[in-house]
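# Inside the fold
What follows is each chain in one-letter form.
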Amino acid sequence: MSAQLKPQRHGAPLVIADVHKRFTQGRQVSHILRGCSLTIGAGEIVALVGESGSGKSTLARTIMKLYTPDEGQLLFAGEDVTHAKGRALSAYRERVQMVFQDPFASLNPAHSIRTILRRSLPPSARRYSERQREALFDEVLTQVGLAPASNFLQQFPHELSGGQRQRVALARSLAGRPDLVLADEPVSMLDVSLRLGVLNLMLSLNEQYGIGYLYITHDLASARYVASRIAVMYAGEIVEEGPSDVIVEQAQHPYTQLLVQAAPDPSRRGLDQLDESVFTGEPPDLSRDIQGCPFQFRCQHVMDQCHVSSPPLRDIGGGQKVKCFLE
Amino acid sequence: MQRDEQVTFSVQDVSVSYPTVRGWVQAVRNVDLQIRKGELVGLAGESGSGKSTLVLAATRVLRAPAVKVTGRVEIMGQDVFAWSDKELRAQRWQTFSFVTQSAMNALNPVMRVRAQMHDAMRAHDANYSKVKGDKRCEEVLRIVEVPAAKLDSYPHQLSGGQRQRVVIALALLLLPQLVIMDEPTTALDVVAQREIIALIRRLQRELGFAVLLITHDLSLLLEVADSVTVMYGGRVMESGTSHQLLQGASHPYSRALIHSFPPLHGAMQRQEGIPGTPPDMLNPPTGCPFAARCTLATQECSDSMPPLMRYGEHQVACHKVSAADTQGVML
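What you are looking at is a predicted structure, and each value in this text was computed from that prediction instead of being measured. (Residues numbered from 1 in each chain as written. Chains lettered and ligands numbered in written order. Predicted model: local features only at pLDDT ≥ 70, side-chain atom pairs only at ≥ 80, totals over all residues.)

Scanning chain B from N- to C-terminus turns up 10 helices and 12 strands. Against the compact-globule benchmark of 20 Å for 331 residues, chain B has a radius of gyration of 21 Å, which places it among compact chains. Principal-axis analysis of the C-alpha atoms places the extent of chain B at approximately 65 × 50 × 40 Å. The long-range share in chain B, meaning contacts at least 24 apart out of those at least 6 apart in sequence, stands at 63%. (Helix = DSSP H or I, 4+ residues; strand = E, 2+ residues; numbered from the N terminus. Rg over C-alpha atoms; globule rule 2.2 N^0.38 Å. Contact = placed C-beta atoms within 7 Å.)

This paragraph deals with the overall build of chain A. Assigned secondary structure in chain A consists of 11 helices and 12 strands. Here chain A has a C-alpha radius of gyration of 21 Å; the compact-globule value for 327 residues is 20 Å, and the two agree. Dimensions of chain A, computed from C-alpha atoms along their principal axes, come out at roughly 70 × 45 × 40 Å. Counting every position in chain A, which comprises 327 residues, the buried fraction comes to 45%. Of the contacts made within chain A by residues no fewer than 6 positions apart, 67% connect residues no fewer than 24 positions apart. (Buried ≥ 20, exposed ≤ 12 C-beta atoms within 10 Å, placed from the backbone.)

The subject of this paragraph is the domain arrangement of chain B. Entries for chain B in the domain assignment read domain 1 (7–225) and domain 2 (240–264 + 272–331). Split by residue class, the side of domain 1 of chain B that touches domain 2 of chain B holds six nonpolar, four polar and two charged. (Domains from an automatic or database assignment. Nonpolar A, V, L, I, M, F, W, Y, C, P; charged D, E, K, R; others polar.)

Moving on: helix 3 (residues 113–124) of chain B. Residue and element names in this part refer to chain B. In a regular helix each residue adds 1.5 Å, so 12 residues correspond to 16 Å; helix 3 covers 17 Å between its end C-alpha atoms and thus fits that length. Of the positions making up helix 3, those classed as buried are Val113, Met117 and Met121. The buried residues of helix 3 occupy an angular sector of 60° when the element is viewed end-on, so they sit on one face. More than 90 degrees from the buried face of helix 3, the exposed residues found are Arg122 and Ala123. Looking at the buried positions of helix 3, the neighbouring elements they touch are helix 4 (130–143) and helix 5 (160–171). (Expected span 1.5 Å × (residues − 1). Arc of directions from axis to C-beta.)

What follows deals with the pairing of strand 8 (residues 212–217) of chain A. Residue and element names in this part refer to chain A. Buried residues dominate strand 8, accounting for six of its six residues. Bridge count between strand 3 (residues 45–49) and strand 8: five bridges; the pairing is parallel. Directly across from Val46, in strand 8, lies its bridge partner Leu214. Judged from the five bridges that link them, strand 7 (residues 180–184) and strand 8 form a sheet pairing that is parallel. Pairing of Asp184 across the sheet is with Ile216, part of strand 8. (Pairing = 2+ DSSP bridges.)

The subject of this paragraph is the interface of chain B and chain A. Counting residues at the interface gives 40 residues for chain B, matched by 34 residues for chain A. Breaking the side of chain B that touches chain A down by element, the ones donating at least two residues are helix 5, helix 6 (190–207), helix 7 (218–224), helix 8 (242–248) and helix 9 (252–258) of chain B. When residues in the side of chain B that touches chain A are grouped by element, the largest group, eight residues, is from helix 6 of chain B. For the side of chain B that touches chain A, the residue count by class is 17 nonpolar, 13 polar and 10 charged.

Attention now goes to the sheet that holds strand 12 (residues 314–316) of chain B. Residues and elements named next belong to chain B. Overall, mixed pairing links the eight strands, which are arranged 6-7-8-3-9-10-12-11 in an open sheet. Of all strands in the sheet, those bounded by a partner on one side alone are strand 6 (96–99) and strand 11 (309–311). When the angles between neighbouring strand axes are averaged without regard to direction, this sheet yields 20°. Two elements, strand 6 and strand 7 (residues 178–182), share four bridges in a ladder whose sense is parallel. For Ser97, the partnering residue across the bridge sits in strand 7 and is Val179. (Axes fitted to C-alpha atoms, helices over the stretch in contact; angles between N-to-C directions.)

Take unusual backbone geometry next. Look at the link from Ala64 of chain B to Pro65 of chain B: it is a cis peptide, with omega at 5°. Mapped onto the elements of the fold, Pro65 of chain B is located in the loop between helix 1 (51–58) and strand 4 (68–75). Although it is not a glycine, Glu185 of chain A sits at a positive phi angle of roughly 45°. Structurally, the position occupied by Glu185 of chain A is in the loop between strand 7 and helix 7 (192–209). The phi angle at Met76 of chain B is positive, at roughly 50°, despite the residue not being glycine. By the element assignment, Met76 of chain B lies in the loop between strand 4 and strand 5 (78–79). Since 18 C-beta atoms lie within 10 Å of it, Met76 of chain B is described here as partly exposed.

Residue and element names in this part refer to chain B. Examined against the element boundaries, Arg255 turns out to sit in helix 9. A count of 16 C-beta atoms within 10 Å places Arg255 in the partly exposed class. Along the chain, Arg255 and Gln204 lie 51 residues apart, while their C-alpha atoms are 29 Å from each other.

So, on to the sheet that holds strand 5 of chain B. Residues and elements named next belong to chain B. Taking strand neighbours across the sheet as the criterion, the four strands line up as 2-1-4-5 in an open arrangement whose pairing is antiparallel. If you trace the sheet from one side to the other, it starts and ends with strand 2 (23–36) and strand 5, each paired once. Note that strand 4 and strand 5 share two bridges and pair antiparallel. If you follow Glu74 over to strand 5, its bridge partner there is Asp79. Along the sheet, helix 1 makes contact with strand 1 (7–20), strand 2 and strand 4, crossing strand 1 at roughly 110°.

In terms of nonpolar packing, the biggest core is built from 177 residues, with Leu214, Tyr215, Val232 and Leu259 of chain A together with Leu212 of chain B touching the most fellow members. For this core, the leading source of residues is helix 6 of chain B, giving seven residues. Built from parts of two domains, this core gets at least three residues from each of domain 1 (7–225) and domain 2 (240–264 + 272–331) of chain B. Excluding its chain neighbours within four sequence positions, the residues that come into contact with Val232 of chain A are Val49, Gly50, Ile238, Val239, Glu240, Glu241, Ile247, His253, Tyr255, Thr256 and Leu259 of chain A. (Core = buried A, V, L, I, M, F, W, Y, C linked by C-beta atoms within 7 Å.)

Moving on: the environment of Val230 of chain B. Residue and element names in this part refer to chain B. Along the chain, Val230 falls in strand 9 (residues 227–232). In this structure, the C-alpha to C-alpha distance between Val230 and Leu43, residues 187 residues apart in sequence, is 6.0 Å. Contacts of Val230, omitting those with residues within four sequence positions, involve Ala44, Gly45, Met237, Glu238, Ser239, His251, Tyr253, Ser254 and Leu257.

Next up on the list: the environment of Ile75 of chain B. All names here are of chain B. By the secondary structure assignment, Ile75 is in strand 4. A tally of 22 C-beta atoms within 10 Å means that Ile75 is categorised as buried. Taking the C-alpha atoms as reference, Ile75 lies 9.1 Å from Gln177; in sequence the two are 102 residues apart. If near-sequence neighbours (up to four positions away) are discounted, Ile75 is found in contact with Phe9, Val80, Thr95, Phe96 and Leu178.

And the structure:
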């Protein structure tokens, strides 16, 4: 008699507390995460939004413990996993899974879908019998809308469309019954007509099984679509967070306002209405020390104190937090 | 035939096929497209819709025997397929130029920006001289707002946005009347994308060239383009001004595509994507390529391809759309 299949879990909270990450290249030290704090509640969908190079993916990889934070803490389900090793680490990684951006690169082209799923089974599934494994594969493929599973198990990634591949990647993350899935731009490589399908799938998995997500993207509209809360990242810091609608409609941080203005919006016809001068400047060089607020170089409202010290993340009520001196 | 002086680029009944081991693939079928002086025309479609193939074949980047092209293409009133190789070389960059897909990697990584610009001018400008070329390099870099000092940088020393600007500057070196941009902003994040699009619009106003912007991002096109052509399965499904498409896209595919983008503002509701997957172009459906995914499809749709009907400036290829539907009335 082998072990029973694990029951579904129902999410667990992740607390990221003041996490720093530096990378060294020769004598150059790049300070990529500069004190990130973010909480993802049990079964909550939080979107992490920011431009390329803001540190979104580094944060996700740090949460996955592919990188160890230099400072700060990761608390998962109340336990400190910052320096988890060995068994504790694999138990953690079973409950926190990751889905990558490019489903054409993240699935081994030489393996069948069955092998891909089998390879990704967590340690706790080692005791499963062959039949139980097949039942689990069947279950996770059905969960992601690839039914009947038996058709897909023997196929190879090249036989599937981009949307189907990303579903396989999601199915793979579900095999360990995760509490939280880190989805790093899961739809940006997919055809437009297939994106909503994958986003809707994430939403229904959240509703049915309480799986939480950290949805990483630079598309504010899709962030608002899937997430209840949006955190905006700039130069390795969370500069604003709050309920999705509040972030889009009443952004307080100048950078968030810039992102909202930059998002394509067909209802705003004609670029001529847009002030081109708003979109100037580039993110700061993170290999140098930044005195003051990292956004000061692009900010329209920059004040004297912005050059001197970095503003704290203030709670301005309604669940909204802003890292800016502007009142 | 009398020529409309205002037409910069005209594609008439162009079809393109690729030979493969499993037979000919009809990647583009009977496509018409027209761009007037100074316009920004969008060509929208998903991967495999034939949008890149169309422009690459129409500008003779793709040649026989790699492809078979039929139809007629005119740039500034001249028959593109009648040009000799030498003439084609003279027209490139002078009359029309490209900003290629994955422009992030379009620059040679082991050549300084200045040398790459000189290369292009030496090959395509009959009056090229080193001194004049240097002056022109500085000019184009100034108009795309990249510091002239970057001329002596290598591509890896530039940020993504700067690299994209340099590629646009390259395309503008010899002041062409038409610039074809294939997914120029896809690799960039939203802020950089917005900067580039605003830049293109400003340069168009100042220099008066026409732009064909190829992208899958219909929401961006509807916002910035003058008119939009939507392709699917190698065919034109619908074309019209952005305003017409935004107010009342008639083709079920264009409407589904518009609804595939969650709105940034306003009430949020669950939206459905488009079920199914794009057609296999090796075995293209005999009827409408979208029939298999269309909610309105009937037997007629899978039997025969609907012709592209013209209703004023608005054109739609769908059995299920009548004249009344194109007057801004949603189905």
